[in-house]
Amino acid sequence: MRRERREPAPGDGRWEGCDRIPTWEEVARHEGDFIYTVAYRLTGDHDDAQDLVQEVLVRVQRGLRTYQPGSLRGWLSRITTNAFLDDVRRRSRRPSVALPEDPDLVLPPSPDAADAAEAERLPDHAQAALAGLPEEFRVPVVLADVVGLSYADIAEQLDIPLGTVRSRIHRGRLALREALA
Amino acid sequence: MSGVGGIGPDGHPDEALSAHVDGELDPVTEAWVVEHLERCPGCRRAAQELAEARSLLRGLPEVDATPVIEGFLARHRRVVRIGAGFVVVAGLVLAAIGATTATEHPRLVPDLAVLTAGHVEQAHGEMVGMQRQDRSSYEAPPGLIGSAVALSRQEVWDGTDLAAVVYRDGDVDVSVYQQPGRLDWEALPPGEVALVGDGEVWLGRGMPVVAVTQRGDMVVTVVSADRPAVLTAVAGMPEWRRGATWDRVHDACQRLVRVFALEG
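Scope of this entry: the structure provided in the associated data block. (Residues numbered from 1 in each chain as written. Chains lettered and ligands numbered in written order. Predicted model: local features only at pLDDT ≥ 70, side-chain atom pairs only at ≥ 80, totals over all residues. Heavy atoms only, no water.)

**Considerations on the overall build of chain A**
The helix and strand tally for chain A stands at eight helices and zero strands. Counting from the amino terminus, chain A carries its helices and strands in the arrangement α-α-α-α-α-α-α-α. The 181 residues of chain A split such that 54% are buried. Within chain A, counting contacts between residues at least 6 apart in sequence, those at least 24 apart form 70% of the total. Of the roughly 8200 Å² of accessible surface on chain A, a fraction of 51% belongs to carbon and sulfur atoms. (Helix = DSSP H or I, 4+ residues; strand = E, 2+ residues; numbered from the N terminus. Buried < 20%, exposed > 50% of the residue type's maximum accessible area, 1.4 Å probe, protein only. Contact = heavy atoms within 4.5 Å. Areas by Shrake-Rupley, 256 points an atom, 1.4 Å probe, with all protein chains shown as cover.)

**So, the pattern of salt bridges**
Residue and element names in this part refer to chain A. Applying the stated criterion across every chain yields a total of 15 salt bridges over all chains. We note a salt bridge from R59 to D86, for which the minimum N-O separation is 3.0 Å. Within this pair, whereas R59 is found in helix α2 (residues 46–63), its partner D86 is found in helix α3 (residues 72–93), the two being separated by 27 residues in sequence. The buried category is assigned to R59, whose relative accessible area is 17%. Assessed through its relative accessible area of 23%, D86 is described here as partly exposed. (Salt bridge = Lys/Arg side-chain N within 4 Å of Asp/Glu carboxyl O.)

**A short note on the packing of helix α5 (residues 124–131) of chain A against helix α8 (residues 162–180) of chain A**
All names here are of chain A. The contact between α5 and α8 brings their axes to 9 Å, and the two run at 135 degrees. As summarised for this structure, α5 and α8 are arranged oblique, according to the angle between their axes. Regarding α5 and α8, the two cross each other, and that crossing is right-handed. Across from H125, A126, A129 and L130 in α5, the residues of α8 making contact are L176, A179 and L180. (Axes fitted to C-alpha atoms, helices over the stretch in contact; angles between N-to-C directions. Parallel < 35°, antiparallel > 145°, perpendicular 65-115°, else oblique. Left-handed = near helix turned anticlockwise from the far one by under 90°.)

**Some words on the state of the cysteines**
All names here are of chain B. On inspection of all chains with the given rule, the structure shows zero disulfides over all chains. Just so you know, C40 is unpaired, no disulfide at all, and the nearest cysteine sulfur is the one on C43, 3.6 Å from it. On the basis of relative accessible area, C40 is assigned to the buried category, the value being 11%. (Disulfide = S-S within 2.5 Å.)

**So, the nonpolar core**
Core analysis: the largest hydrophobic core is formed by 65 residues, its most contacted members being Y36, L57, V60, W75, L76, I154 and L176 of chain A. When residues of this core are assigned to their parent elements, the largest contribution, ten residues, is made by helix α1 (residues 24–43) of chain A. If near-sequence neighbours (up to four positions away) are discounted, V60 of chain A is found in contact with W24, V27, W75, L76 and I79 of chain A. Core analysis: the next-biggest nonpolar cluster, separate from the first, contains 28 residues, V196, L203, V220 and V249 of chain B among them. (Core = buried A, V, L, I, M, F, W, Y, C linked by side-chain atoms within 4.5 Å.)

**As for the environment of L56 of chain B**
Positionally, L56 of chain B belongs in helix α3 (residues 41–58). On the accessibility criterion, L56 of chain B (33% relative accessible area) is partly exposed. Those residues in contact with L56 of chain B that lie beyond four places of it in its chain are H125, A126 and L180 of chain A.

**Here's the deal with the pairing of strand β13 (residues 218–224) of chain B**
Residue and element names in this part refer to chain B. Counting buried residues in β13 gives seven out of seven residues, a clear majority hidden from the surface. Alternating residues of β13 divide into M218, V220, V222 and S224 and V219, T221 and V223, and every residue in both groups is buried. Of the strand pairs in this sheet, strand β8 (residues 173–180) and β13 are connected by six bridges, and their pairing is antiparallel. Paired with Q179 across the two strands is V219, which belongs to β13. Pairing of strand β12 (residues 209–215) with β13 involves seven bridges; the strand directions are antiparallel. Directly across from R215, in β13, lies its bridge partner M218. Hairpin connection between β12 and β13: a loop of two residues separates the two successive antiparallel strands, and G216 in this loop has a positive phi of roughly 65 degrees. (Pairing = 2+ DSSP bridges.)

**Comments concerning the side chain of T80 of chain A**
Residues and elements named next belong to chain A. Within the fold, T80 resides in helix α3. Classification of T80 by relative accessible area gives buried; the value is 1%. Polar contacts involving the side chain of T80 include one to the main-chain carbonyl oxygen of L76, which spans 2.7 Å. When neighbours within four sequence positions are excluded, T80 is seen to be in contact with I35, V38, A39, L42, L52 and V56. (Polar contact = N/O pair within 3.5 Å; in protein donor to acceptor, adjacent residues only side chain to side chain.)

**Re the packing of aromatic side chains**
Residue and element names in this part refer to chain A. Scanning the model with the defined rule gives one aromatic pair over all chains in all. For the ring pair Y67 and W75, a centre distance of 4.5 Å and an interplane angle of 40 degrees mean the geometry is tilted. The same class applies to Y67 as to W75, namely buried. (Phe/Tyr/Trp six-rings, centres within 6.5 Å; stacked < 30°, edge-to-face > 60°.)

**Some words on helix α7 (residues 151–158) of chain A**
All names here are of chain A. All of the buried residues in α7 are Y151, I154, A155, Q157 and L158. Taken end-on, α7 shows its buried residues confined to a sector of 165 degrees, consistent with a single buried face. After α7 finishes, the residue D159 shows a positive phi value of roughly 55 degrees. (Arc of directions from axis to C-beta.)

Laid out in structure tokens, this is it:
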């Protein structure tokens, strides 16, 4: 389940620079790992990542009609980030009630989630540190270090000033450094 | 708070250190930072640690999501054949994305009036207060006609996540709703409590027939004009964990097809 990780480089995917627009299934099959990885780094939870991936694929299905060939991964990361931030906003509006501890409700994880969790066991301290970052720092850090976007692309994608991107990435990395110390 | 160009008020690089590590500085600031690092051991150490944090993240492996993706694609192509004909399964997912976190298991009683109206009017997408709707249709593979699975995802009127699957064929019309939470049995209106399988089920007294029960992490509500169909559907539902919303919904689709079409 574990794969060699290449340096993030949007533009090196098989659809980058390709004139043909991929089909929805091609996007799902060829870029599914990428979407899932970004989703998991953003959410920090495999169940939430699965939901996010499925939501992204639904949005991709609708959006492919208007997609202009270019940086497919940049486009996918934008959809994933927007879907994630939409969910964060919804959650912030939703009241939550804590569930009392009840061992009967602790059910085994699904095979998919268990496999993915196994794949993450080795670097899980880094993942935990990332998941512990406030969302406003985590998102730009993920876009920089997982997706591999430039500061300018991150600023454009999140619609925030370049200086804010630089500040948030720096503060996010400082917090990571502290958490990993 | 950083000064101009990510340089701190104390004359050290501050935010410019991360931008330096990322190669994101303009040439003038970059030259200044490089020069500063040569004479400032503290900033050199800080830059090294920031670079290590950056490398650690960039070294995280890409997750192999093949099982998740293939499962998702397969569900979209699901075709169920019954005898000489085909059955149509319509699935509606009315849910907020990833909305069921471990800390969100409210004690709840379903809004039976809304769910019943949704079933009777077959208007799940138009229920009061829904904030958004995404619907997708999935065509059967070539050569197999007449089968489809339709899905939509929504956030419902009161902020509660709701997943609905509607099963229809010539004889049966059943809606099954799932909501994450613990059923507040005491808050249900007067009705009958029956034992279906190993679990207790609340049954309403009106028409259409409404059943409510707890299945794992989910409060499950079943609505149909046909009482045996309600009981059959309830008996066919598993102990769902919260998991991914779509997995549960597709699972419900499969189980309804199995109990009504294949075993019925």
